[in-house]
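Next come the chains, spelled out residue by residue.
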Number of protein chains: 2
Amino acid sequence: MKVINSTPRADGFYMPAEFSPHYGCIMIFPERSDSWQYGGYAARKAFVRVAEAIAKSEKLTVCASSKQYENARRMLPEHIRVVEMSSNDSWARDYAPTFVTNGKGSGAEIRGVNWGFNAWGGLVDGLYFPWDSDDKMARKLCDLYEKDMYDHSDFILEGGSIHVDGEGTCITTEACLLSPGRNPSLTKEEIEENLREYLGVEKIIWLKNGIYGDETNEHVDNICAFVKPSEVVLAWTDDQSDPQYALSQSCFEILSQSTDAKGRPFKIHKLHCPKPVTVTPEECEGLDTMDFNPTRTPGERLAASYVNFYIANKAVVMPFFGDPADEPARRLLGELFPEREIIAVPARDILIGGGNIHCITQQIPIFEE
Amino acid sequence: MKVINSTPRADGFYMPAEFSPHYGCIMIFPERSDSWQYGGYAARKAFVRVAEAIAKSEKLTVCASSKQYENARRMLPEHIRVVEMSSNDSWARDYAPTFVTNGKGSGAEIRGVNWGFNAWGGLVDGLYFPWDSDDKMARKLCDLYEKDMYDHSDFILEGGSIHVDGEGTCITTEACLLSPGRNPSLTKEEIEENLREYLGVEKIIWLKNGIYGDETNEHVDNICAFVKPSEVVLAWTDDQSDPQYALSQSCFEILSQSTDAKGRPFKIHKLHCPKPVTVTPEECEGLDTMDFNPTRTPGERLAASYVNFYIANKAVVMPFFGDPADEPARRLLGELFPEREIIAVPARDILIGGGNIHCITQQIPIFEE
């Protein structure tokens, strides 16, 4: 694996959209007992369902710790590859490499971008300590796939905090990228410049916020996602008493008044959220403490959103919450992705860990083998 | 990765000779402080030299623990892949998979064989405890390379205890394969049957012994190796006062009176050993104890032999001991492998760990990618 000192933009590389063809996908097997209730048994089952859904249409590698390797190998079907790799938790979206391509389709070369990772805020408001094993994963994964790597670890970024259309546009949130736990010494313009250079984009759309209570400092991938160029889904509620209402309204207004890198206005599809999902006392009892404090408290609202889906080659893998909004969400995604199967996975056991299906996956664009 | 319940022989698969074309090679980065003197720094340098020599003509993956991953990545050139994988020590020959092929050259399919591993003798006379991480490596490596696996872990075998010509013949030693720490419940005939089924061979040549003092119970790969079908090198000494003399004589006699699977007599090339190599007091001081005992004692003789070389696609990587016999050994191997570069690596720092270059490598035959 070669470490490249230039930038993707300088070399004609860019991050393709998630709906572009994939070589495959990366996931990480869940383990830590302060993230995943009751020792992670239910979370692992949910991850396996996500894995099976993805592996129906693309190659999947699941990273597991030496301790969990055997469980992973036993629980996952044989066509899914399991590799040993240390991590602090299981959020492949946020610390697996962001892969960039030179855009030649199946003849393309791809490379990885290694951003810095500090557990969503480091010593300011990070979610756990330490995060060193997570932070090393992008490098290890580039090595595993024998892909050269742009090392941009001086710049803190999680994969879940950006969405791109593959045609020059990136959407992100101010709540996350301007938070004091990320790159406080950089101005907004400097952060934009980093995104342009390393994602190969021209224009950044800044939403103010994400999903209410989202402990990632409101990653964009939980509130807004491209379904095709100039077309997005936006997590939505019509309930004015819900704190989410103002946040989604604000996003809608910004998107309505924006155009993408090619000057096109956005078509915005409202994807209605489930009713507030809160943690039960029983779930809290099954979570180990962290630094002598509970990691969740009974009644705490989780950042539930249908936008946190993964677009595989022939499927969209979406979360279900056992809510009346489940089926309408599936219907809308079915309309927006008519050529893909919509696979719903009951995802409460993933949500309790603090994210959802998009957060636990990272796509690898197609390349010449 | 699929686990196959038949045997290689039943499926038309067999272990190809080491001198047949390789896809690549597997090594493991050394770490344990009771095997490698002074924290393994010198051993790692020696391993890196071996790795560089091999990677000149084939793809190489080096497995490193999570602790040593960064060192491995820093010390190894960028064209060598480093993957994280736990192990108890660094003997890829003995616990990486034995790969078998269906023999169609570059269009071939290959599969792995997972033998049982018990640290060269288990609770009878094994060399360390525990050995569970080593024992899991074959399975993990088959998964990593996405190769299906014959699981024969009920049968204890190390890769260094067998050599094959790829044309139906296996050479092994009674000292090892009949030792009470391997498969004591099996008769010699039953052990032969296991080799036939899982190596896809017809005939087993049983040498009595290997190199004097070889703590693997005298692996064949330290005393005798195929250089082509019906042609072997044999570790040799003319010094009748050396306990090695009788062992090598015995091997010579057995080989002289044997024919291979195709009925051909053996051409035997004597590869003269270096003068006895013994451990110094200073080296012993740099080795951590094991179970409250020293792992080596000053003056202890090491099992030094030039036969412990690795045949890469375009090179033979051989050990040097700083002995007058170094150059004659290089010359002989040069004559026997006229189309390969002979690359000598000073190997005392590997030998102290208990083996040599062949022991720390495992080839992967060519296959259709």
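Thresholds applied
Numbering of residues begins from 1 in every chain and follows the order in which that chain's sequence is written. Starting at A for chains and at 1 for ligands, labels are handed out in the order in which the entities are written. Predicted model: local features are reported for residues with pLDDT of at least 70 only, side-chain atom pairs are reported and counted for 80 or more only, and whole-chain, interface and lining totals are derived from all residues. Only hydrogens and water are set aside; all other atoms, that is, all heavy atoms of the structure, feed into the side-chain values. Only DSSP runs of H or I reaching four residues or more are called helices, and only runs of E reaching two or more are called strands; each is numbered from the N terminus. Any two residues whose heavy atoms approach within 4.5 Å are treated as being in contact. Put plainly, a pocket is an open set of points on a 1 Å grid over the protein atoms alone with protein on both sides within 12 Å along at least five of seven lines, a cavity is a set where a 1.4 Å probe fits but cannot get out, and a lining residue has an atom within 4 Å of a point. Grid points are joined across faces, edges and corners, and a volume is the space filled by probe spheres set on the points. Relative accessible area decides the class of each residue, using a 1.4 Å probe on protein chains only: under 20% of the type maximum gives buried, over 50% gives exposed, and in between gives partly exposed. One requirement defines pairing of two strands: DSSP has to find at least two bridges between them. With the strands pointing away from the viewer, any crossover whose connection runs clockwise from the first strand over the helix to the second is right-handed. Nitrogen and oxygen atoms within 3.5 Å of one another constitute a polar contact, given that in protein one can donate a hydrogen and the other can accept it, and given that sequence-neighbouring residues count only through two side-chain atoms. Classification used: nonpolar for Ala, Val, Leu, Ile, Met, Phe, Trp, Tyr, Cys and Pro, charged for Asp, Glu, Lys and Arg, polar for all others including Gly. Take the accessible area each of two parts loses on contact, using a 1.4 Å probe, and add the two losses: that sum is the buried area. Each reported salt bridge corresponds to a side-chain nitrogen of Lys or Arg within 4 Å of a carboxyl oxygen of Asp or Glu. Each direction from the helix axis to a C-beta atom contributes to the arc, which is the arc of those directions. Superposition of the copies was done by least squares, using only C-alpha atoms of residues whose pLDDT is at least 70 in both. Inter-axis angles, ranging from 0 to 180 degrees, are taken between N-to-C directions of lines fitted to C-alpha atoms, where helices are fitted over the stretch in contact. Pairing of aromatic rings covers Phe, Tyr and Trp, the last counted by its six-membered ring, and requires centre-to-centre distances within 6.5 Å; plane angles under 30 degrees mean stacked, over 60 mean edge-to-face, and any other angle means tilted.

Trainee: Would you explain the environment of G166(B) in this entry?
Mentor: All names here are of chain B. Checked against the element boundaries, G166 lands in the loop between β8 (162-164) and β9 (169-173). C-alpha separation for the pair G166 and Q244, spaced 78 residues apart in sequence, amounts to 29 Å. In this structure G166 touches Y14, M15, P16 and A17, once residues within four positions along its chain are discounted.

Trainee: So what exactly am I meant to see when it comes to empty space enclosed by the protein here?
Mentor: Unfilled space is identified by rolling a water-sized probe across the atoms. All names here are of chain B. Counted by the stated rule, this structure contains 12 cavities of 30 Å³ or more. Reported here for the largest cavity is a volume of approximately 120 Å³. In terms of lining residues, the largest cavity is bounded by 17 residues, among which M15, E18, H163, H358 and Q363 are the most central. Every element with two or more residues in the lining of the largest cavity is listed here: β8, β11 (224-228) and β19 (362-365). Looking at the lining of the largest cavity element by element, the count peaks at three residues for β8.

Trainee: It is not clear to me how the pairing of strand β19 (residues 362-365) of chain A should be interpreted in this structure. Could you clarify?
Mentor: If a strand is regular, its side chains alternate between the two faces of the sheet. All names here are of chain A. Burial of β19 is two-sided: the residues Q362 and I364 facing one way and the residues Q363 and P365 facing the other way are all buried. Two elements, strand β2 (residues 22-28) and β19, share four bridges in a ladder whose sense is antiparallel. If you follow C25 over to β19, its bridge partner there is Q363.

Trainee: What's the story with the pairing of strand β4 (residues 81-84) of chain B in this structure? I'm lost.
Mentor: All names here are of chain B. Neither face of β4 is exposed, since R81 and V83 on one face and V82 and E84 on the opposite face are all buried. In terms of strand pairing, strand β3 (residues 59-64) meets β4 through four bridges, oriented parallel. Pairing of V62 across the sheet is with V82, part of β4. As for the winding sense of the linkage, the β-α-β connection from β3 through helix α2 (residues 69-75) to β4 is right-handed.

Trainee: Even after reading the chapter, I still don't get the side chain of R296(B), so can you show me in this structure?
Mentor: Residue and element names in this part refer to chain B. Tracing the backbone through its elements, the reader meets R296 in the loop between α9 (281-285) and β15 (301-302). Here R296 falls in the buried class, since its relative accessible area comes to 8%. A polar contact is formed between the side chain of R296 and the side chain of E215, at a distance of 2.8 Å. A polar contact is formed between the side chain of R296 and the side chain of E300, at a distance of 2.8 Å. In contact with R296, not counting residues within four places along its chain, are E215, V279, C284, L287, L302, I352, G353 and G354.

Trainee: I tried to follow the layout of surface pockets on my own but got confused; where do I start?
Mentor: In this structure, the largest pocket spans a volume of roughly 670 Å³. If you go around the largest pocket, you meet 24 residues; those closest to its centre are Y23(A), E146(A), E369(A), Y23(B) and E369(B). Secondary-structure elements contributing two or more residues to the lining of the largest pocket are β2 (22-28) and β3 of chain B. Split into classes, the residues belonging to the lining of the largest pocket amount to 11 nonpolar, three polar and 10 charged. Taken as a whole, the second largest pocket encloses approximately 340 Å³ of empty space. Contributing to the lining of the second largest pocket are 25 residues, with S35(B), L127(B), Y128(B), E215(B) and M290(B) lying nearest its centre. Taken together, the residues that form the lining of the second largest pocket break down as 11 nonpolar, eight polar and six charged.

Trainee: What should I look at first to understand the interface of chain B and chain A in this one?
Mentor: For interface size, the figure often reported is the accessible area lost on association. Between chain B and chain A, the contact holds 22 residues from the first and 21 residues from the second. The contact between chain B and chain A buries some 2000 Å² in all, and 41% of this surface belongs to carbon and sulfur atoms. Summed over the shared surface of chain B and chain A, the number is eight salt bridges. A salt bridge links K140(A) to E84(B); its shortest N-O distance comes to 2.5 Å. At the junction of chain B with chain A, the criterion picks out 18 residue pairs in polar contact (both at pLDDT 80 or more). Listing elements by their share of the side of chain B that touches chain A, those giving two or more residues are α2, β4 and α5 (132-144) of chain B. The greatest single-element share of the side of chain B that touches chain A, amounting to five residues, is contributed by α5(B). When grouped by side-chain class, the residues that make up the side of chain B that touches chain A number seven nonpolar, three polar and 12 charged.

Trainee: Just to check I follow, could you spell out helix α10 (residues 326-336) of chain A for this structure?
Mentor: One full turn of an α-helix is made of 3.6 residues, so residues set three or four places apart face in the same direction. All names here are of chain A. Those residues of α10 that sit buried are D326, A329, L332, L333 and L336. An end-on view of α10 places all buried positions within 130° of arc, on one side of the element. The exposed set on the far side of α10, more than 90 degrees from its buried face, consists of R331 and E335. Where α10 is buried, its residues contact β11 (224-228), β12 (231-236), β13 (267-272), β17 (315-320) and β18 (341-346).

Trainee: Please explain the relation of the copies chain B and chain A as it appears in this structure.
Mentor: What relates the two chain copies is a rotation about an axis together with a slide along it. It takes a turn of 180° to lay chain B on chain A, together with a shift of 0.0 Å along the axis; the resulting RMSD is 0.0 Å. Seen this way, the second copy is the image of the first under a two-fold rotation axis. Identified as the residue of chain B closest to the rotation axis by C-alpha distance is E84(B), at 3.2 Å. Interface overlap between copies is the fraction of interface residues in one copy that are interface residues in the other; for chain B against chain A it reaches 95%, indicating a shared surface.

Trainee: What's the story with the sheet that holds strand β12 (residues 231-236) of chain B in this structure? I'm lost.
Mentor: In a beta sheet, neighbouring strands pair by backbone hydrogen bonds and run either parallel or antiparallel. All names here are of chain B. With mixed pairing, three strands are arranged side by side in an open sheet as β11-β12-β13. Each edge of the open sheet is held by one strand with a lone partner, namely β11 and β13 (267-272). Sheet twist, expressed as the mean angle between neighbouring strand axes with direction ignored, is 30°. Sheet analysis places β12 next to β13, joined by six bridges and oriented parallel. Each residue of the ladder has a partner; that of V233, found in β13, is H269. Contacts between helix α8 (residues 243-256) and the sheet are confined to β11, β12 and β13, with β12 contributing the most and set at about 160° to the helix. Lying on the sheet, helix α10 (residues 326-336) is in contact with β11, β12 and β13; it crosses β13 at an angle near 155°.

Trainee: Would you mind showing me how to read the packing of aromatic side chains here?
Mentor: To describe a pair of aromatic rings, you give the distance between the ring centres and the angle between the ring planes. One pass over the full model with this rule turns up 30 aromatic pairs over all chains. Aromatic pair F309(A) and F337(A): ring centres 6.0 Å apart, planes at 75°, arrangement edge-to-face. Of this pair, F309(A) sits in the loop between β15 (301-302) and β16 (310-311) while F337(A) sits in the loop between α10 and β18, and the two are 28 residues apart along the sequence. For the residue pair F309(A) and F337(A), the accessibility class agrees, reading buried in each case. Consider the rings of W115(B) and F155(B), whose centres lie 6.0 Å apart with planes at 55°: the pair is tilted. One end of the pair, W115(B), is in strand β6 (residues 110-116); the other, F155(B), is in strand β7 (residues 149-156), and 40 residues separate them in sequence. The residues W115(B) and F155(B) share a single accessibility class, namely buried.

Trainee: Teacher, can you tell me more about the sheet that holds strand β6 (residues 110-116) of chain A here?
Mentor: All names here are of chain A. Pairing is mixed across the open sheet formed by four strands, whose spatial order is β1-β7-β6-β5. Edge positions in the sheet fall to β1 (3-4) and β5 (98-101), since each of these pairs with one other strand and no more. One ladder, built from four bridges, connects β5 with β6; its direction is antiparallel. By the bridge assignment for β6, T101 is matched with I110. Against the sheet, helix α5 (residues 132-144) touches β1, β6 and β7 (149-156), its axis set at about 165° to β6. Strands in contact with helix α7 (residues 188-199) are β5, β6 and β7; relative to β7, the strand with the most contacts, it is inclined by about 165°.

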